[in-house]
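Close look at the chain arrangement
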Amino acid sequence: MAPKTQKTAQLHLPDGSVHELPVLNGAFQKHALDIRSLYKATGFTAYDPGYTSTASCKSAITYIDGAKGDLYYRGYPVKKLADHNTFLEVAHLLWEGELPEAGGKNPLEEAVRSHSMVHEQLREFFKGFRRDAHPMAILMGTVGALSSFYHEDLNLHNEDDRDLAAIRILAKMPTLAAMAYRYNKGLPFVYPCNELSYVENFVYMMFDMPTQPYKADDVRVKALEKVMILHADHEQNASTSTVRMAASSHADPFGCIAAGVASLWGPAHGGANEAVLRMLAAIQTPENIPIFLEKAKDKADPFKLMGFGHRVYKNYDPRAHVLKEVCHTLLKHLGLAQDPLFKLALELEKVALNDPYFIEKKLYPNVDFYSGLVLQALGIPLNMFTVLFAVARTTGWLAHWKELFDDEDFKIGRPQQLYVGPEARGRDCEESEE
Ligand code: CMC
């Protein structure tokens, strides 16, 4: 729904002039100043590094209430979806705006099944990577390489073509991710199996052995399904904004997703789940927690408490709540209820939440704090954590990619800057001044 303009705000400029800015009203009582006319009318730009106060687009997909610690996909609380829906039902919700009809077929199930294999030639690409290459590097390269198979047939102005590209990416991401893992391990690739659900198929392609067929266990699959649902979208985060920015030039969608993977890999974003486990391993025992908390508070030390803090949440991240629960259930199921790393994480959370620094700055556990522990309990190696995040987030990236083509305000992304370098100098300028 397009935001309604109700009021205007007045901007008093240094030269005494006043510029009127329309106020746009969004859902949940959120308002934005429409500054689109600002530069043209006044010559002023708005300075906002890291976009802390800038709404880069309108979107109807995901809403976060950072103060309350709520997250909704298309109006549904994420916990409800994680508890009651499958990953592909959530993908349908994110893409189409509604859950598939209760009791009916999810059209995405069939569509994904017919596109889950990758071209045989793509297998050859893998051989170009170092044997021990990080699976994120392989995923980034191979998803981008898919563009070479489909680019010529893709007309971005045709909705059917866009839908097919999105289905292809959604369907092939787990296949590529599993291949990246197996290449890194020196294991033979496994073809997707159409009898399995999206998430089961993913673990099957990772763990099936020629010598020992893999049999998925329902508790493990449901745990991974929840992890993936919780990671499916998170409005205009760094990787989603990267995908939107890349796509705004009408770039090839496989390349846009590769750009999203690149952005997600950073330790301040999706790479944090890997960093949390490395941090817990470094802390080793509860007695060492105070040393690490002091390091995190020390401005001269670049160390941060990984899995803590968030740009938007100034309360407990709702995804961390669900994942803490999943951790309890899964570890109990696996007979690992006394897992020392989980106990250490619980203690670290308790100490940090009672520390004045963390209280004052409103730093709470984020999604990454417990997700790594769940993934580790599922037997997923550390270097695959962010890959799993990427597979899940692809659904959100594609939802945003699809949405931007229907946006009447759609424009190529081209931020302004505040130039602070030297002013015109050099021979031509000196001559013209004379
Ligand atoms: N440990 C210690 N201090 C922290 C932490 C932390 N984890 N997070 C923020 N702070 C401090 C920060 O130093 C700053 O202090 P000051 O006001 O004195 O300068 C204040 O809290 C505000 O933080 P910020 O860095 O300005 O906040 P931001 O919105 O720019 O950064 C963040 C958010 C997530 C990058 C940051 O909290 C962080 O680096 N956390 C650790 C990494 C992490 O867990 N990342 C996963 C994010 S959630 C999943 C995802 O988005 O992919």
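Quick note: structure is the one above.
Residues numbered from 1 in each chain as written. Predicted model: local features only at pLDDT ≥ 70, side-chain atom pairs only at ≥ 80, totals over all residues. Heavy atoms only, no water.

Taken together, 21 residues surround the ligand, and among them His 269, Leu 305, Gly 307, Arg 311 and Tyr 357 come closest. Within the side chain of His 269, an N or O atom sits 2.5 Å from an oxygen atom of the ligand. Between the ligand and Lys 361 there is a distance of 2.9 Å, counted from an oxygen atom to a side-chain nitrogen or oxygen. Calculation on the ligand without its partners gives an accessible area of 930 Å², and the protein chains cover 74% of this total. A breakdown of the residues in the shell around the ligand according to their chemical character gives ten nonpolar, six polar and five charged. (Near = heavy atom within 4 Å. Polar contact = N/O pair within 3.5 Å; in protein donor to acceptor, adjacent residues only side chain to side chain. Areas by Shrake-Rupley, 256 points an atom, 1.4 Å probe, with all protein chains shown as cover. Nonpolar A, V, L, I, M, F, W, Y, C, P; charged D, E, K, R; others polar.)

On to the side chain of Asp 339. Along the chain, the position of Asp 339 falls in the loop between helix H15 (318-333) and helix H16 (340-353). Only 3.0 Å separates the side chain of Asp 339 from the backbone nitrogen of Phe 342, close enough to count as a polar contact. Apart from the residues within four sequence positions on either side, Asp 339 is in contact with Leu 331 and Leu 373. (Helix = DSSP H or I, 4+ residues; strand = E, 2+ residues; numbered from the N terminus. Contact = heavy atoms within 4.5 Å.)

Turning our eyes to something else, we now look at empty space enclosed by the protein. All chains considered together, the criterion is met by three cavities of 30 Å³ or more. Roughly 130 Å³ of volume is contained in the largest cavity. In terms of lining residues, the largest cavity is bounded by 15 residues, among which Val 112, Ser 116, Leu 196, Tyr 198 and Asn 201 are the most central. At the level of elements, helix H4 (107-113), helix H8 (159-185) and helix H9 (198-207) are the ones that each hand at least two residues to the lining of the largest cavity. (1 Å grid on protein atoms, 1.4 Å probe; cavity = no way out; pocket = protein on both sides within 12 Å on 5 of 7 lines; lining within 4 Å. Points joined across faces, edges and corners; volume = space filled by probe spheres on them.)

The next point concerns the nonpolar core. Counting 126 residues, the largest nonpolar core has Tyr 73, Leu 305 and Ile 380 as its most contacted members. Once residues lying within four places of it in the same chain are set aside, the contact partners of Leu 305 are Met 279, Leu 293, Ala 296, Leu 348, Ala 352 and Phe 358. (Core = buried A, V, L, I, M, F, W, Y, C linked by side-chain atoms within 4.5 Å. Buried < 20%, exposed > 50% of the residue type's maximum accessible area, 1.4 Å probe, protein only.)

Here we take up the pattern of salt bridges. Within this structure, the stated rule accounts for 23 salt bridges. Between Arg 36 and Asp 409 there is a salt bridge, and its shortest N-O distance comes to 3.4 Å. Highlighted residues: Arg 36 in the loop between strand S3 (31-33) and helix H1 (38-42) and Asp 409 in the loop between helix H19 (385-405) and helix H20 (427-433), separated in sequence by 373 residues. Given a relative accessible area of 57%, Arg 36 falls into the exposed group. For Asp 409, a relative accessible area of 33% gives the class partly exposed. Close ionic contact of Glu 403 with Arg 244 constitutes a salt bridge, the shortest N to O distance being 2.6 Å. Taken together, the residues span a long stretch of sequence, with Glu 403 in helix H19 and Arg 244 in helix H11 (residues 238-247) at a distance of 159 residues. Judged on exposure class, the residue Glu 403 and its partner Arg 244 are both buried. Beyond isolated ion pairs, a larger network of salt bridges with shared partners links Asp 34, Arg 36, Lys 58, Asp 407, Glu 408 and Asp 409. (Salt bridge = Lys/Arg side-chain N within 4 Å of Asp/Glu carboxyl O.)

Negative charge collects at one region of the surface, where Glu 96, Glu 159, Asp 160 and Asp 406 lie side by side. Looking at the secondary structure, you find Asp 406 in the loop between H19 and H20. Note on Asp 406: relative accessible area 57%, which makes it exposed. (Patch = residues over 30% accessible without salt bridge, like charges linked within 9 Å, V, L, I, M, F, W, Y side chains within 5 Å. Lys, Arg positive; Asp, Glu negative; His and termini not counted. Charge placed at Lys NZ, Arg CZ, Asp CG, Glu CD.)

Below, the discussion takes up the side chain of Asn 366. Topologically, Asn 366 is positioned in the loop between helix H17 (356-360) and helix H18 (367-377). A distance of 2.9 Å separates a polar atom in the side chain of Asn 366 from the backbone nitrogen of Asp 368. With residues near it in sequence (within four places) discarded, Asn 366 still touches Gly 307, Phe 308, Gly 309, His 310, Asp 317 and Ala 320.

Our next topic: the environment of Ala 337. Its location among the elements puts Ala 337 in the loop between H15 and H16. The class of Ala 337 is partly exposed, set by a relative accessible area of 41%. As for Ala 337 and Cys 327, which are separated by ten residues in sequence, their C-alpha atoms are 9.0 Å apart. Look past the residues within four positions of Ala 337 in its chain and what remains in contact with it is Leu 331 and Lys 332.

Turning to the sheet that holds strand S4 (residues 62-65), a few remarks are in order. One open sheet accounts for three strands, arranged S4-S5-S6; its pairing is antiparallel. Of all strands in the sheet, those with a lone pairing partner are S4 and strand S6 (76-77), marking the two edges. Here four bridges tie S4 to strand S5 (residues 70-73), and the two strands are oriented antiparallel to one another. Residue pairing for S5: Ile 64 is matched across the bridge by Leu 71. (Pairing = 2+ DSSP bridges.)

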